[in-house]
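Summary of the model geometry
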Amino acid sequence: MPLRNGVAQSDTSARDNTKGFLYALGGTLLVSTNYITAKYALKGFNPETFSLIWTSAAGVYAFIFLAMSGRVKEILIPRSAALGIMTLGLATGAGMILGWSGLSLIDPAFASFLWRFSPVLIILLSVCVLGERLRTVEILAIAVMVLGGALTTLGRWHIVGTGVVLTLSGCVAVAVQMLVVKMNVGKIHPNILVFYRVFLAAIVIGIWTVARGKFAVQISASHLAVTLLGAFLGPCASFLLTFRSYRYWPLSRSTILLTAQPLIVLPMAYLAFGAIPAGLELVGGAIILCGAFFLVWLHHSQTLQ
């Protein structure tokens, strides 16, 4: 059996798969709390102020992680990665504002179903940018998800329409983020990427919030405390784990776990707010989830061939 640094390659591969799974699972569990903490906090102030406090706090947490891991000196990134990192920060800032604005208008569990379109967009970007191919069966899976999305809003567009559009726009921004991260995680440590992601996003959101005169001065202690907690669990700790999983797992495989997020959010949303989607929202959400699982699994299977 071939050896790598004195260790059988099959054993090394097994350990890498285990690490990839555990990092991706931990990241999925932590990022799922976003829908609960953010939904609660958004009842206290507007999405722009929330996004600014959220990302600023996450930036502080990420810098503390850098200091604790002794990687502050690595904060100077290669010039070749500068454009990508700037794109990451801009996409994150836009995604935060769009995503939280959408969440403020719709149910958190319903929002988690809609966010399953993010893996679709990640795969489509992989096709366009990285030269990967889409098979007919994958296009069919996307069509199933679109059908589910149509069902979730059927007859309620006047109520949830704006929230749906904002959420799906946020999905586009997140897909751009993940593509940039995947293209740079081999040469930049995940902790550095997490720091730049939220630090630059805080600058983008700050400029946007001040320019529009949207910063809310009066904030209750409870809403602020939940925001600070959520900022640690979601944009900081979860992405420290998720980005690290990319070093051991393909992007598509990590995305499979993220696709299951609604199954985590549903019980949390029920415990926190006593309500979950019903009727066509639930049926359509289930169809979206099935289509997303099918699509990501097909795409992952193709990468193994």
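Going by the structure above, here's the rest.
Residues numbered from 1 in each chain as written. Predicted model: local features only at pLDDT ≥ 70, side-chain atom pairs only at ≥ 80, totals over all residues. Heavy atoms only, no water.

Description of the side chain of Thr209
Just so we agree on the cut-off: Runs of H or I in DSSP of at least four residues are treated as helices and runs of E of at least two as strands, each being numbered from the N terminus. Three exposure classes are used, based on accessible area relative to the maximum for each residue type with a 1.4 Å probe and protein chains only: buried under 20%, partly exposed in between, and exposed over 50%. Any two residues whose heavy atoms approach within 4.5 Å at even a single point are treated as in contact.
Structurally, Thr209 can be placed in helix α9 (residues 190-211). Among the residues examined, Thr209 registers a relative accessible area of 0% and is labelled buried. Once residues within four sequence positions are removed from consideration, Thr209 is found in contact with Glu48, Thr49, Leu52, Lys214 and Phe215.

A look at the packing of helix α2 (residues 34-41) against helix α12 (residues 261-273)
Worth spelling out the cut-off: Axes here mean lines fitted to C-alpha atoms, for a helix over just the part in contact, with angles spanning 0 to 180 degrees between N-to-C directions. Small angles under 35 degrees read as roughly parallel and large ones over 145 as roughly antiparallel, with 65 to 115 read as roughly perpendicular and the rest as oblique. Ten residues, namely Ala, Val, Leu, Ile, Met, Phe, Trp, Tyr, Cys and Pro, are considered nonpolar, four, namely Asp, Glu, Lys and Arg, are considered charged, and the remaining ones, Gly among them, are considered polar.
As a packed pair, α2 and α12 sit with axes 9 Å apart at the nearest point and diverge in direction by 40°. One element, α2, and the other, α12, form an angle in the oblique class. Residues Tyr35, Ile36, Lys39 and Tyr40 of α2 lie in contact with α12, whose contacting residues are Gln261, Val265, Met268, Ala269, Ala272 and Phe273. Residue composition of the contact of α2 with α12, grouped by class: eight nonpolar, one polar and one charged.

A short note on the environment of Lys39
Note on placement: Lys39 falls in helix α2. Of the residues examined, Lys39 reaches a relative accessible area of 14% and is grouped as buried. In this structure the C-alpha to C-alpha distance between Lys39 and Asp107, which are 68 residues apart in sequence, comes to 8.4 Å. Not counting residues within four places of it along the chain, the set of residues in contact with Lys39 comprises Asn34, Leu103, Ser104, Leu105, Ile106, Pro108 and Phe273.

Quick notes on empty space enclosed by the protein
Going by this rule: Cavities and pockets were defined on a 1 Å grid built from protein atoms only: a cavity is a group of points that admits a 1.4 Å probe but offers it no way out, a pocket is an open group of points flanked by protein on both sides within 12 Å along at least five of seven lines, and a lining residue is one with an atom within 4 Å of any such point. Grid points are joined across faces, edges and corners, and a volume is the space filled by probe spheres set on the points.
Under the definition given, this model contains one cavity of 30 Å³ or more. Lining the largest cavity are 31 residues; nearest its centre among them are Val31, Asn34, Trp115, Val174 and Phe239. Breaking the lining of the largest cavity down by element, the ones donating at least two residues are α1 (9-32), α2, α4 (82-103), α6 (117-130), α8 (157-184), α10 (221-245) and α11 (251-259). For the lining of the largest cavity, the element with the highest residue contribution is α4, accounting for six residues. Its residues assigned to classes, the lining of the largest cavity comprises 16 nonpolar, 13 polar and two charged.

Points about the packing of helix α3 (residues 47-68) against α10
Going by this rule: Note on convention: the crossing is left-handed when the near helix lies turned anticlockwise from the far helix by less than a right angle, right-handed when the turn is clockwise.
At a closest axis distance of 8 Å, the pairing of α3 and α10 adopts a crossing angle of 55°. In terms of axis orientation, α3 runs oblique to α10. Crossing handedness for the pair α3 and α10: right-handed. Of the residues in α10, those touching α3 at Phe50, Ile53, Trp54, Ala57, Ala58, Tyr61, Ala62 and Phe65 are Leu224, Thr227, Leu228, Gly230, Ala231, Phe232, Pro235, Cys236 and Leu240. In the contact of α3 with α10, the residues fall into 15 nonpolar, two polar and no charged.

Some points on a nonpolar patch on the surface
Stated formally: Like-charged residues are merged into a patch within 9 Å and nonpolar side chains (Val, Leu, Ile, Met, Phe, Trp, Tyr) within 5 Å, provided each residue has over 30% relative accessible area and no salt bridge. Where accessible areas are quoted, they stem from the Shrake-Rupley method and a 1.4 Å probe; at the residue level, only the protein chains shown are allowed to cover. The salt bridge definition used is simple: a Lys or Arg side-chain nitrogen within 4 Å of an Asp or Glu carboxyl oxygen.
Residues Phe21, Leu22, Leu25 and Leu29 make up a contiguous nonpolar surface patch of about 330 Å² in total accessible area. Structurally, Leu25 can be placed in helix α1.

Focus: the packing of aromatic side chains
Under the convention used in this document: Note on aromatic contacts: the rings of Phe and Tyr and the six-membered ring of Trp form a pair at centre separations within 6.5 Å, being stacked when their planes are under 30 degrees apart, edge-to-face when over 60 apart, and tilted otherwise.
Under the defined criterion, the tally for this structure stands at 11 aromatic pairs. Consider the rings of Trp54 and Trp100, whose centres lie 5.2 Å apart with planes at 65°: the pair is edge-to-face. Residue Trp54 is located in helix α3, and its partner Trp100 is located in helix α4; the two are separated by 46 residues in the primary sequence. By relative accessible area, Trp54 is classed as buried at 0%. Trp100 gets classed as buried once you look at its relative accessible area, which sits at 9%.

Focus: α12
Put simply, the rule reads: Residue count minus one, scaled by 1.5 Å, sets the expected span of a helix. Our arc is simply the arc of the directions from the helix axis toward the C-beta atoms.
Counted at 1.5 Å a residue, the expected span for α12 with its 13 residues is 18 Å, and the 18 Å between its end C-alpha atoms agrees. Among the residues making up α12, those that are buried are Gln261, Pro262, Val265, Leu266 and Ala269. Seen along its axis, α12 keeps its buried residues to an arc of 130°; they face one direction. Exposed positions of α12 whose direction lies more than 90 degrees from the buried face are Leu263 and Leu271. Within two residues after α12, Gly274 carries a phi angle of roughly 70°, on the positive side.

Quick look at the nonpolar core
Burial of nonpolar side chains together is a common tendency in soluble globular proteins. So the rule is basically this: By nonpolar core we mean a set of buried residues, namely Ala, Val, Leu, Ile, Met, Phe, Trp, Tyr and Cys, connected to one another through side-chain atoms within 4.5 Å.
By size, the foremost hydrophobic cluster in this structure holds 62 residues, and its most contacted members are Phe50, Trp100, Leu193 and Phe243. The residues touching Phe50, leaving out its near neighbours within four places in the chain, are Ala38, Ala41, Leu42, Phe45, Trp100 and Thr227.

Re the pattern of salt bridges
Oppositely charged side chains may form a pair once their charged atoms are brought near each other. Across all of its chains, the model carries two salt bridges by this definition. With a shortest N-O distance of 3.3 Å, Arg212 and Glu48 are connected by a salt bridge. Within this pair, whereas Arg212 is found in the loop between α9 and α10, its partner Glu48 is found in helix α3, the two being separated by 164 residues in sequence. A salt bridge links Arg71 to Glu74; the shortest N-O distance between them is 2.8 Å. Given the relative accessible area of 25%, Arg71 is considered partly exposed.

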